[in-house]
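Here is what each chain is made of, one letter per residue.
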Amino acid sequence: MEHESGERSPSTAGTSTTAWARVRARLRQEVGEAEYRSWLKQMSLAGREGDTLEITLPTRFLRDWVREHYGDRLRALCEAEMPGVRRVELRVAPAASAAGKAAREPVPALAERLSPEPAAPPAPAAEGPRGGDWMLPLDPRWTFESFVVGKPNEFAHACARRVAERPAQAGFNPLFLYGGVGLGKTHLMHAIAWALRARDPGLEVAYMSAEKFMYRFINALRTQNTMEFKSQLRSVHVLMVDDLQFLIGKDNTQEEFFHTFNALIDAGKQIVISADKAPNDLSGIEDRLRTRLSGGIVADIHATTYELRLAILEAKAAQAGVEVPPRVLELLARKIATNVRELEGALNRILAHAKLFGRPVTLEMATEALGDILRAHDKRVSIDDIQRKVAEHYNIRLTEMASARRSRAVARPRQVAMYLAKQLTSRSLPEIGKRFGNRDHTTVLHAVQRITALMQEDPAFAEDVTLLRKMLES
Ligand code: ADP
Ligand code: MG
């Protein structure tokens, strides 16, 4: 089957192939080479009916993926490049190669990655990606190389590396990864799969969500195909089930999963599971399964730290090739403490803004671009935050905030911190004084007046304080 078929010229009146080429070129530019090659390259222009453009993809899976992730953009570009087009219909092209056999969904990202040449002919079925139609797509972005390691995830990361290097090793089977949402579980699972496949393309790696497992099993029950379901699943070398918590409480599915699980472990195959909780804390799960799940290694990914968030942002900004001032990254790392997914979202928004308006990234522009996101993450500024930030800014020890020293080098920053404490918190003067080495409330009042006056006299100083304030507030 012709995989470079996008270049084929459709003999469709009113739709020039050059317009289609432009749409593809723009998409490629927008999403980047890797993503384009993984998902979009196999699109083919099939024809046009009135205001509807027909585009085909070789598999149902690819079609759904493209529809979900690029559908709107694709339509907008087609509308822009081809006058009169209002709709885009994505179809599955009759797959010539899937003769007789239940269509194996190829793993495009994987296939692309393994083929050295961009224009390499499609791999023959025998060398095609394994894992068959059990394999959800691997995201080309989620590899070990792009995973930033820090305290909260170093153990999980080390376990994942180990499993990728030596699958099915005693003590590491199953690997059970757990942690809150958006902390990198799926990323690590994909990374394991990539690494395994890179070393041994013949390895059958089945990666799926627990939901998919359930869906397939229920379907097999309905069509009385459970035998095939079982044998297919048991023939893989590595089984990865993501988000196991969704399997909870579905009795016969859980039963089937349990048996599959045992069969694979007994046969020396590697299993990797992820969930939002540790096996013992997963409710609605049978005890015998719980025991099995904890039988290998259980690794948790902790909530991110400021340092990890900053490191991730630095890596992502560098990857995007965009100059982002450290202050902007620090702002994001400080404000968006929930999870990495949201952190990425915020950074992407800033990068998109910069691209769209052709502006360099600045603190001001970032705050503007993020407006609502930052507000949503707004937390009350504490006196601790203020003292820490001010000490950092003026390069003095944090302990000086409460010390008795009165030398100018520490007294002025201390006054700034008191001033900011008054401005940014709802603490009273005595309360503030107490936090600054048990000082009297009149000392705080004096500091507030002194800083206010200085700010009026000295624009550079005013700017400095305003910046500190903005950083604390944002
Ligand atoms: P989970 O499966 O735990 O909900 P994901 O693996 O989907 O989380 O991670 C969410 C996003 O954050 C992904 O885009 C992922 O690449 C990114 N991410 C998470 N942790 C890291 C990390 N340590 N380094 C780089 N990116 C990360
Ligand atoms: Mg996940």
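Note that the structure is predicted; figures quoted are calculated from it, not measured.

A. Structural detail: the overall build of the chain. Assigned secondary structure in the chain consists of 19 helices and eight strands. Residue burial in the chain is summarised as follows: out of 474 residues, 48% are buried. Contacts in the chain between residues at least 24 apart in sequence constitute 73% of all its contacts with a sequence separation of at least 6.

B. Summary view of the pairing of strand β5 (residues 205-209). Among the five residues that make up β5, five are buried, leaving the element largely enclosed by the rest of the structure. One ladder, built from five bridges, connects β5 with strand β6 (residues 238-242); its direction is parallel. Looking across to β6, one finds that V205 is bridged to V238.

C. Structural context of the site of ligand 1. Near ligand 1, the surroundings consist of 18 residues, among which V148, G182, T186, H187 and E344 are the closest. At 3.2 Å, a side-chain N or O of N153 approaches a nitrogen atom of ligand 1. Between ligand 1 and K316 there is a distance of 3.0 Å, counted from a nitrogen atom to a side-chain nitrogen or oxygen. Burial of ligand 1 by the protein chains amounts to 96% of its free accessible area of 560 Å². For the shell around ligand 1, the secondary-structure elements that each account for two or more residues are α6 (185-199), α11 (306-320) and α13 (340-357). Taken together, the residues that form the shell around ligand 1 break down as seven nonpolar, seven polar and four charged. Each of domain 2 (132-301) and domain 3 (320-376) contributes no fewer than three residues to the shell around ligand 1.

D. Examining the pattern of salt bridges more closely. Evaluated as defined, the whole model comprises 20 salt bridges. For E81, the salt bridge is made with R22, and the minimal N-O distance between the two is 2.5 Å. Of this pair, E81 sits in helix α3 (residues 60-81) while R22 sits in helix α1 (residues 17-31), and the two are 59 residues apart along the sequence. Across the salt bridge formed by D266 and R292, the nearest N and O atoms sit 3.6 Å from each other. Pair noted here: D266 is in helix α9 (residues 251-266) and R292 is in helix α10 (residues 287-293), with a separation of 26 residues, a long-range link. Given a relative accessible area of 62%, D266 falls into the exposed group. Of the residues examined, R292 reaches a relative accessible area of 28% and is grouped as partly exposed. One network of salt bridges, in which partners are shared, links R22, R26 and E81.

E. Expanded view of the confidence of the model for the chain. Considering every residue of the chain, the mean pLDDT works out to 83; 85% of them sit at 70 or more. Low confidence marks residues 1-13, where pLDDT is under 50. Its contacts with residues over four positions away, or in another chain, come to 24 contacts.

F. Spatial organisation of the packing of aromatic side chains. Scanning all chains against the criterion turns up five aromatic pairs. Aromatic pair F213 and F257: ring centres 5.4 Å apart, planes at 90°, arrangement edge-to-face. Taken together, the positions of F213 in helix α7 (residues 210-222) and F257 in helix α9 put the pair 44 residues apart, joining distant regions of the chain. Of the two residues, F213 and F257, neither departs from the other in class, the shared state being buried. The rings of F213, F217, F229, F257 and F261 are connected pair by pair, giving a single aromatic cluster.

G. Focus on the packing of helix α15 (residues 383-394) against helix α16 (residues 408-424). At a minimum axis separation of 9 Å, α15 and α16 run at an interaxial angle of 145°. Like other packed secondary-structure pairs, α15 and α16 cross with a definite hand, here right-handed. Side by side, α15 and α16 meet where I383, I386, V390 and Y394 of the first sit next to P413, V416, A417, L420, A421 and L424 of the second. Looking at the contact of α15 with α16 residue by residue, the classes come out as ten nonpolar, no polar and no charged.

H. Highlighting the pairing of strand β4 (residues 175-179). With respect to burial, β4 is a largely interior element, five of its five residues being buried. With burial as the criterion, each face of β4 is covered, one bearing L175, L177 and G179 and the other bearing F176 and Y178. One ladder, built from five bridges, connects β4 with strand β8 (residues 297-301); its direction is parallel. Following the sheet pairing, F176 is matched in β8 by V298.

I. Geometry of the nonpolar core. Core analysis: the biggest nonpolar cluster contains 30 residues, and I386, V390, V416, L420 and F436 have the highest contact counts within it. Looking at this core, the elements that each hand over two or more residues are α15, α16, α17 (429-435), α18 (441-457) and α19 (459-473). Broken down by element, the residue count for this core peaks at eight residues, all from α16. Apart from residues lying up to four places away in sequence, L420 is in contact with I386, V390, T425, V465, L468, R469 and L472.

J. Quick peek at unusual backbone geometry. Cis geometry is adopted by the peptide bond preceding P174, which originates at N173 and carries an omega value of 0°. Of note, P174 is situated in the loop between α5 (154-165) and β4. A positive phi angle, near 65°, is found at A168, a position not held by glycine. Inspection of the secondary structure puts A168 in the loop between α5 and β4.

K. Spotlight on α16. Between the first and last C-alpha of α16 there are 24 Å, a value that for 17 residues agrees with the 24 Å anticipated at 1.5 Å per step. Of all 17 residues in α16, 13 are buried; the element is thus mostly enclosed.

L. Fine view of the sheet that holds strand β2 (residues 52-57). If you walk across this open sheet you meet the three strands as β1-β2-β3, and the pairing is mixed. Two strands in the sheet have a free side with no partner beyond their single neighbour: β1 (44-49) and β3 (87-92). On average, adjacent strands in this sheet sit at an angle of 25° to one another, irrespective of strand direction.

M. Representation of α18 within the structure. Under the 1.5 Å per step criterion, the end-to-end length of α18 is 25 Å for 17 residues, consistent within 8% with the ideal 24 Å. Residues of α18 that are buried sit in contact with α16, α17 and α19.

Parameters and conventions
Here the residue numbers are simple positions, counted from 1 along each chain's written sequence. The lettering of chains begins at A and the numbering of ligands begins at 1, in the order of writing. Totals for whole chains, interfaces and linings use every residue, but because this is a predicted model, local features are given only for residues with pLDDT of at least 70 and side-chain atom pairs only at 80 or more, for both listing and counting. Computation of side-chain values: all heavy atoms of the structure, hydrogens and water removed. The helix count covers DSSP runs of H or I at least four residues long, the strand count covers runs of E at least two residues long, and both are numbered beginning at the N terminus. Buried, partly exposed and exposed residues are distinguished by accessible area as a fraction of the type maximum, computed with a 1.4 Å probe on protein chains only: under 20%, between the cut-offs, and over 50%, respectively. Any two residues whose heavy atoms approach within 4.5 Å are treated as being in contact. Whether two strands pair depends on DSSP finding at least two bridges between them. Residue proximity to a molecule or strand is established when one non-hydrogen atom of the residue lies within 4 Å of it. For the purposes of these results, a polar contact is taken to be a pair of N or O atoms within 3.5 Å, where, inside protein, one atom must be able to donate a hydrogen and its partner to accept one; residues adjacent in sequence count only when each atom of the pair is a side-chain atom. Values of accessible area rely on a 1.4 Å probe in the Shrake-Rupley scheme; residue burial ignores everything except the protein chains shown. Polar here means any residue other than Ala, Val, Leu, Ile, Met, Phe, Trp, Tyr, Cys and Pro, which are nonpolar, and Asp, Glu, Lys and Arg, which are charged; Gly is therefore polar. Here the bounds of each domain stem from an automatic or database domain assignment. Any Lys or Arg side-chain nitrogen found within 4 Å of a carboxyl oxygen on Asp or Glu counts as a salt bridge. pLDDT expresses, on a scale from 0 to 100, how confident the predictor is about each individual residue. Any pair of Phe, Tyr and Trp rings, taking the six-membered ring for Trp, is counted once the centres come within 6.5 Å. Such a pair is stacked with planes under 30 degrees apart, edge-to-face with planes over 60 apart, and tilted for the rest. Every axis corresponds to a line fitted to the C-alpha atoms, with the helix fit spanning only the stretch in contact, and the corresponding angles, defined between N-to-C directions, vary from 0 to 180 degrees. Each crossing is labelled by how the near helix is turned from the far one, with a counterclockwise turn of less than a right angle marking it left-handed and a clockwise turn marking it right-handed. As used here, the term nonpolar core means buried Ala, Val, Leu, Ile, Met, Phe, Trp, Tyr and Cys residues forming a set that is joined through side-chain atoms within 4.5 Å. The span you would expect from a helix comes to 1.5 Å times its residue count less one.

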